[in-house]
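# Coordinates in review
Next come the chains, spelled out residue by residue.
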2 protein chains.
Amino acid sequence: MNNNSRFHENPYLFSFMPMFYMVWADAILTPSEILKIRELVDNQLWVTEEDRAFLLGKLDPKTPPSPDELKSWLVEIRRAAGSLSADMKKSLVDIGIELARLNARNQDDKTLDEARAPLTDIEEALGIISHEAAFHLRSQDRVAQTQSTRSSSSFEIDQMTSILEGEESEVIKRVKTIISDPEFIYFPKQDVDEYREQVFTWCKYLADQGFGSMAYPKAYGGGDSIRDYFAIMETLSYHDLSLVIKFGVQFGLWGMSVYFLGTEKHHKAYLKRIGALELPGCFAMTETGHGSNVKGIETTATYDHESASFVINTPHEAAGKEYIGNAAVHGKMATVFAKLIIGDTDYGVNAFVVPLRDDHGHELPGVRIADCGHKMGLNGVDNGRIWFDQVRIPKDNMLDRFASVDSSGQFTSPIASDNRRFFTMLGTLVGGRIGIPRSGLSALKSGLTIAIRYGDQRRQFGPENGAEVPILNYRTHQRRLMPLLAESYALHFALKHLTQRFLDRTDDDMQEIEAMAAGLKAYATWATTRGLQECREACGGKGYLSENRLDRLKNDTDVYTTFEGDNTVLMQLVAKSRLSEFKKEFADINLFGIINYVASQAKTSLTELNPIITRNTDPEHLLDLDFHKSAFEYRERDILTSAARRIKKHLDNGMDSFDAFNQTQYHMVNVGFAYIERIVLTQFQDALKKVSDPQCKSALQKACQLYALSRMEKNKGWYLEHGYMEGAKTKAIRRVINQLCLEMREDAVALVDAFGIPESCLAAPIAMRS
Amino acid sequence: MNNNSRFHENPYLFSFMPMFYMVWADAILTPSEILKIRELVDNQLWVTEEDRAFLLGKLDPKTPPSPDELKSWLVEIRRAAGSLSADMKKSLVDIGIELARLNARNQDDKTLDEARAPLTDIEEALGIISHEAAFHLRSQDRVAQTQSTRSSSSFEIDQMTSILEGEESEVIKRVKTIISDPEFIYFPKQDVDEYREQVFTWCKYLADQGFGSMAYPKAYGGGDSIRDYFAIMETLSYHDLSLVIKFGVQFGLWGMSVYFLGTEKHHKAYLKRIGALELPGCFAMTETGHGSNVKGIETTATYDHESASFVINTPHEAAGKEYIGNAAVHGKMATVFAKLIIGDTDYGVNAFVVPLRDDHGHELPGVRIADCGHKMGLNGVDNGRIWFDQVRIPKDNMLDRFASVDSSGQFTSPIASDNRRFFTMLGTLVGGRIGIPRSGLSALKSGLTIAIRYGDQRRQFGPENGAEVPILNYRTHQRRLMPLLAESYALHFALKHLTQRFLDRTDDDMQEIEAMAAGLKAYATWATTRGLQECREACGGKGYLSENRLDRLKNDTDVYTTFEGDNTVLMQLVAKSRLSEFKKEFADINLFGIINYVASQAKTSLTELNPIITRNTDPEHLLDLDFHKSAFEYRERDILTSAARRIKKHLDNGMDSFDAFNQTQYHMVNVGFAYIERIVLTQFQDALKKVSDPQCKSALQKACQLYALSRMEKNKGWYLEHGYMEGAKTKAIRRVINQLCLEMREDAVALVDAFGIPESCLAAPIAMRS
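Every value quoted in this text rests on a predicted model; they were computed, and no experiment measured them.

## Thoughts on the overall build of chain A
The secondary structure content of chain A amounts to 32 helices and eleven strands. Radius of gyration (C-alpha) of chain A: 34 Å, far over the 27 Å computed for a compact globule of 770 residues. Projected onto its principal axes, the C-alpha coordinates of chain A cover approximately 120 × 65 × 50 Å. Buried residues in chain A amount to 63% of all 770 residues. The contacts of chain A with a sequence gap of at least 6 include a subset with a gap of at least 24, amounting to 74%. Accessible area for chain A stands at about 27600 Å²; split by element, carbon and sulfur atoms hold 51% of it. If the 90 positive side-chain charges of chain A are averaged to one point and the 104 negative ones to another, these points end up 2 Å apart.

## As for the relation of the copies chain A and chain B
Turning chain A through 180° and shifting it by 0.0 Å along the axis lays it on chain B, with an RMSD of 0.1 Å. Those values place the two copies in the arrangement expected of a two-fold rotation axis. Across chain A, the smallest distance between a C-alpha and the rotation axis is recorded for glycine 717 of chain A, namely 2.0 Å.

## Focus on the interface of chain A and chain B
Counting from both sides, the interface comprises 147 residues of chain A and, opposite them, 147 residues of chain B. Where chain A touches chain B, the interface holds twelve salt bridges. Across the pair aspartate 418 of chain A and lysine 71 of chain B runs a salt bridge whose closest N-O atoms are separated by 2.9 Å. Applying the counting rule to chain A against chain B returns 71 residue pairs in polar contact (both at pLDDT 80 or more). A total of seven residues in the side of chain A that touches chain B trace back to one element, the largest contributor, which is helix α22 (residues 567–585) of chain A. Considering only residue class, the side of chain A that touches chain B consists of 50 nonpolar, 48 polar and 49 charged.

## A closer look at the UniProt feature "domain: Acyl-CoA oxidase C-alpha1" (unreviewed entry) in chain A
The feature "domain: Acyl-CoA oxidase C-alpha1" (unreviewed entry), as given by UniProt, occupies residues 427–577 of chain A in the numbering adopted here. Annotation note: span residues 427–577 of chain A, helix share 72%, strand share 0%, distance between end C-alpha atoms 14 Å.

## What about a positive patch on the surface?
On the surface, Arg645, Arg646 and Lys649 of chain A together with Arg735 of chain B cluster together into a positively charged patch. Counting residues per element, the positive patch draws most heavily on helix α26 (residues 625–652) of chain A, which supplies three residues. Among the structural elements, arginine 645 of chain A can be located in helix α26.

Calculation rules
- Residues numbered from 1 in each chain as written.
- Chains lettered and ligands numbered in written order.
- Predicted model: local features only at pLDDT ≥ 70, side-chain atom pairs only at ≥ 80, totals over all residues.
- Heavy atoms only, no water.
- Helix = DSSP H or I, 4+ residues; strand = E, 2+ residues; numbered from the N terminus.
- Rg over C-alpha atoms; globule rule 2.2 N^0.38 Å.
- Buried < 20%, exposed > 50% of the residue type's maximum accessible area, 1.4 Å probe, protein only.
- Contact = heavy atoms within 4.5 Å.
- Areas by Shrake-Rupley, 256 points an atom, 1.4 Å probe, with all protein chains shown as cover.
- Lys, Arg positive; Asp, Glu negative; His and termini not counted.
- Charge placed at Lys NZ, Arg CZ, Asp CG, Glu CD.
- Least-squares fit on C-alpha atoms with pLDDT ≥ 70 in both.
- Salt bridge = Lys/Arg side-chain N within 4 Å of Asp/Glu carboxyl O.
- Polar contact = N/O pair within 3.5 Å; in protein donor to acceptor, adjacent residues only side chain to side chain.
- Nonpolar A, V, L, I, M, F, W, Y, C, P; charged D, E, K, R; others polar.
- UniProt positions renumbered as here; feature names shortened; annotations may be inferred.
- Patch = residues over 30% accessible without salt bridge, like charges linked within 9 Å, V, L, I, M, F, W, Y side chains within 5 Å.

See the structure below:
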């Protein structure tokens, strides 16, 4: 039985076939829409009564075509669609009329021309859907533009790697060689005890290579290079992050506290053994009751002049040391922070070396240690809680670089204020706030490498009759990953800059470096958390499987936003520091004068904010690096000024300063963000200037532009509120970002390959080269 | 030796003491600032040469005061500050002059008055910092406003709980009783095999209670209540989420696929045993090569008429079934989705019941199963991969509600199109997209309960000489958690509405319900992921410990954004559906007509956008529910119109429809968001209208306002771009949000307690009531 016989009897009816096919084949049309079409057919006087009955029957839900009949329609339609020239294949009506023409060659065109208008009415009732349907009815092999994007590389990957690594490339290479060794194959089990031992063994291998003592003086077996120490942390972070943190606790926190807070006697006694991992130790600062507010810790170190010793004591359960790395299993000693008490006087927080375990690993008398147990991540690190019950240590165990007890039992210090001494001590430990964001950034780079390689290989969906498309060709996928890729490059250069500033530090710029470290730590680790989440989701269910490592990367780094200073607290520190820096910049006028000055300046410089600029949507302007810099600087300055003004207003109204800062806290966090974003942008721009290779420079410039514009888009509400841009401009920025994402997509695989992460470290099956 | 003897010799000098104290005590002052003060002192002619030398000596970094000397200054200063009346304690100068006066009662005031001006110069050079310092020098016990906020409850908690639970309260109570049973104590170990067995045992307990078969007809041992089934899923989600997913796979996916896609013969054969967990099974749809694009799956079911059987086959490795819950260990059967082949014809995706294992748990011939291994979360669920090698099943095993093979071996279906049949089949499974966001929301509620209770109890920092403050009193902490709390209430009512629409569904509104389910699933699960991340960070290091459960909540729900439809893909489905709904609303004009109509309407309704409204910053207006509704609706309509316009433009230019949708993909996702946000808001507002208890209503209204304004703030860039609001208004919204957060903070603990999560399920030590 030929289902299409009626059509062949009156070939004009073929002109309806594409529409009918669509009605029955498309999942989206609703009953009410079918009714609509029936009504239109019903009103057509140019078809016979009989034909009309036939046509209406084809629209009756009670008499649907059979699956085979529908399939046969498609065969007919495709034949007609195939015979139309490319530019004509635009509508169902075109296809329908061609179909009628093919089946009735002897018909005059007039009848078909008459049919065109009412058919078009029907098609228009179907609207946009019919436009899409017409594409579906095209030839079998549709090739859409979306399919054509391919990975390529506009630059030499090795060249880019060497720009990223700079003068650290040699030590990076050494570390990569070690972590690619078969001994460093990932620990595959969930057993925490075994995992901790594995991490300890790995740490020992690294110590054997001299990596652990890299930052210590040569006299104590060290490498005398803090720069290389940071590069080691960063590169190790391509591997297991428990290893990185264990390494950082032992050689960074424990070793550096002895080095920076202690004096020669301590260096001689401990440093060599620490660097060789012969003396595993802890950094015992945080207490259960006091995390961010370290100044409030309650452990005491009471001086006993008679026996020239200190008694370390935990006054109550919640004053126990909390979350101390290396404590649960391996630590033999610890740098313990405690309030020094001499007689009746509290001299504030000082640091002491306190033995924890004997050579057999047993806790020493008065020392009680508990395991913190399972954590979200970093389970290869043995975090523990420590309580001290009147533990006596010799006087020499006080780390006495910034304060000591003299031979007469008097407290003495070159820094009079307990408060300032405390912050000076902490300041020497700012290195942790450099190492952590660099480690987090490496984890983000791993995540991006996995997600981008997968996105380039994974195909899903495509034109109805065409090949499936790599998911990285989809605009939303590009929008998810390309700005993150640009941001990871931006952060790389910003953290390099921070490291250099730290290495070159003087007393005078220490405050600025501390603020920058605090802010970049917060900003970069938040970027890591947000970025890895995006990478996980971009890999779908595959990203959820542990074998693809995104879970470990995410879970291990999740605490980075919290430790070495809670990010929200750090951003407020940054803001407070900016308020005082702000003052320094205008040395000759006082703060309140400055506020008036800046306010008036802002008004006059509204000429800078003239409509020609605030409305400028010229792509050349939008891509201009100076425009980006100005926009970031304007925002930074304006937010800072208004924060200062608000606080002043509250204080003038007699508000307690603590309340005034709390009232403006939300604003203060933005002060921190605006400052750090300006730093990151300008450092990226400065780094760009130093690149000589034109291909690399061009690719990096695109990343720099995308970073700048993505941030501006994120902050567009602010820019619009403040009249710095008008709506037309922010909309134009969105378009430019879309375009940059599309362009960067081609280089994306090359840009992640330039990170140079060892394949054995990436390990994810979905990231393996095809 | 009295360090202060010189001061006592010339008591005028005491007026400098507060400033000196600050210079040495404050950690923020820089060397350059000290120089500045020295210069000012140097220029003071009103002090003797000798005094000047003494004063300058006190500013010399080479001769700092001793710690004890500094302490003695503070004692003096506090005495003077204490004698000043409250309103005078404003500056260091005031304190200094009072100090001088106290120490030299016989001095005439004139000298001190002369001192005031130059001292004030110095203080102003110190700027804002000195203002803060003056507060620090106040009495020992500062009480700041920030300290005074306390938790209370403006409503009856039980009353609120019963509003939330509504008619489901009975089944919720039953489930809570079961999961609070000691048998349901959390599985404490990391061992995956044991964990899977524990979860299976728990599932069995639930089946024994009749929970598993709740949605099935009474004839097959069921409870005949889909509503209660969803309430069970939601309530179970306060407990272990592996249990929830295992439960959902067995009774929802496996059982409901048999129920909805099969016919009586299947119901009779399987349903009772499924509901009793005597027949554990799987839902085998996804393949390694095809996840989101299910239509592209490659497994085949070839009909053999001679033996009246189908042969199920996996054509190549990547066509294996992927990530199938219940497959790795427990599954005995599966609903397998495969392309039906009869002769040479492919009839598209259909569903078949295929046995996987024998009674001893051994894989049947031709069936190969692999374990997916460890995952980021949900490790109590045994996900596996399945490959079929020419597995023969009887003809009756085809789930034949929507398609079948007749006795002559012909394919037959009431739905002609393979495509439409496929979507109709999937449509019956939309329940999964209701259960998952409801489960995710429960997890978010658990997270919020933990974080808010902790924030209420945890104290950190405070005024320099005052008690520490609960961290929930800090504005940034409120800003992190209060909008999330409001959002969780909003989502609760929206998901209740969705459930009701699903229960009341007809063929005609099925498309709308599917779009709403897809969109709410995406929106709510993203809110869960984002919200739990915030909760984790808000609990700091404690949030990272597994004992506090935020890690499990986060990791278990992380995949919710990916399974039951990838969220980004779902949002595009929603947008496509909205484009066709959009058309339906204007049944009499075609789409392109509509675009012109809406565009012109938008222009004329710019009167609605008159400056009085776009600039209205009156709090009463900003808190007005109708204003919120209008703003959400305006955004929804405008984004949808512009998306339609863009796509049309691309198609008119001859772009392939696949490309046109890809080009506008980013915009399409926003269409989905704007639609869902409008649904969530209006459902919350509608629910509010039905609340009779005035206290609960008032608390809920605040949450509704905070939800609305938080979303508007998030979208403020869009509102400003489109001239719907001016900067003054968006800034005013920020202030109103801050105020709402502050007000909601007092009710916050009560609002999470109203979720009524069993304490044994919360389990986190940091969330226990103090």
